[in-house]
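Each chain, written out:
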Amino acid sequence: MATSGTQRPGGRTERTRQAVLHATLDLLAERGFGDLTVDAVAERSGVHKTTVYRRWSSPDGLVAAALQMGAEDDWTAPDTGSLEDDLYEVAAEVVRYFTAPALKELPMASVAAAFQSSQAAEALHDFYADRHVRMAPITERAVARGEVPPGTDGDELVRAVCGPMFYRLLLSRESVTVADARVTARAVAAAAAAGSFVLKPHSED
């Protein structure tokens, strides 16, 4: 898996890394994890396959490193001024990312890869863990505005609003739209206002 400690921003090592990992993502979207090979990535990226094998060793390592690039972007949580609208923007982004013809192949292939590779699964988990950290301000701002009580669990808010989207997308294979995201965001915001997501101490019984 790629490491960043020896990379110079803009240097040849970083350009090679970017070329290889972007090629990996392109091929993952086109072929799926089962048909991804190191040789194909090397050919697509223009990087000698010996270099690719030495640094990433396998399709698992390539996909894991490519998925980890998600933590390098500048994505920030929506800040609309209301909890419901913030949650709607989060859920609607999931819908658009997983349904738009120009976007959906990669996220679908990434989820599938996580079921076939433990390294890919770990990388995907880390990607969403990073997103949870970045979305923490949604709950913090809602508490400050008095929309939800102190102690509201931001991670559970995110899971509650995104879960129905992923259920339709990945399990029941039903159609899902941004209108569904709005309905879910409204319901989750109302439940949060009622204290449904306040962290409670574990019972000793």
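Just so you know, these numbers come straight off a predicted model, no measurement behind them.

## Considering the pattern of salt bridges
Within this structure, the stated rule accounts for 15 salt bridges. One salt bridge connects glutamate 30 with arginine 44, and the closest N-O pair in it is separated by 3.0 Å. Residue glutamate 30 is located in helix α1 (residues 12-31), and its partner arginine 44 is located in helix α2 (residues 38-45); the two are separated by 14 residues in the primary sequence. Overall, the relative accessible area of 53% leaves glutamate 30 in the exposed class. In this structure, aspartate 85 and arginine 182 form a salt bridge, with 2.9 Å as the shortest nitrogen-oxygen distance. Note that aspartate 85 is positioned in helix α5 (residues 83-99) and arginine 182 in helix α9 (residues 178-193), a separation of 97 residues in sequence. Three or more residues are tied together by salt bridges with common partners; here these are Asp73, Asp130, Arg131 and Arg134.

## What to know about the nonpolar core
Core analysis: the biggest nonpolar cluster contains 31 residues, and Leu83, Leu87, Met135, Ile138, Val161, Met165 and Ala181 have the highest contact counts within it. Broken down by secondary-structure element, the contributors of at least two residues to this core are α5, α6 (105-114), α7 (118-145), α8 (154-172) and α9. Tallying contributions element by element places α5 first for this core, with nine residues. Look past the residues within four positions of valine 161 in its chain and what remains in contact with it is Leu87, Val90, Ala91, Thr184, Ala185 and Val188. Counting residues in each nonpolar core, the second largest holds 26 residues, with Leu28, Val38, Val52 and Ala120 among its members.

## Overview of the side chain of threonine 152
Along the chain, threonine 152 falls in the loop between α7 and α8. For threonine 152, the side chain forms a polar contact with the main-chain oxygen of proline 149, separated by 2.6 Å. Discounting chain neighbours no more than four positions away, the residues touching threonine 152 are Thr139, Leu157, Phe197 and Val198.

What counts, and where the lines are drawn
Note that residues are indexed from 1 along each chain, following the sequence as it is written. Restriction of local features to residues with pLDDT of at least 70 applies here, the model being predicted, together with a cutoff of 80 or more for giving and counting side-chain atom pairs; totals for whole chains, interfaces and linings are based on all residues. To get the side-chain values, take all heavy atoms of the structure and skip hydrogens and water. Only one rule defines a salt bridge in this text: a Lys or Arg side-chain nitrogen within 4 Å of an Asp or Glu carboxyl oxygen. The helix count covers DSSP runs of H or I at least four residues long, the strand count covers runs of E at least two residues long, and both are numbered beginning at the N terminus. Note on classification: 1.4 Å probe, protein chains only; a residue is buried when its accessible area is under 20% of the maximum for its type, exposed when over 50%, partly exposed between these limits. Residue types Ala, Val, Leu, Ile, Met, Phe, Trp, Tyr and Cys, when buried and joined through side-chain atoms within 4.5 Å, form a set referred to as a nonpolar core. Any two residues whose heavy atoms approach within 4.5 Å are treated as being in contact. Two N or O atoms form a polar contact when they lie within 3.5 Å of each other; inside protein one atom must be a possible hydrogen donor and the other a possible acceptor, and for residues adjacent in sequence the pair counts only when both atoms belong to side chains.

By themselves these figures say nothing about function.
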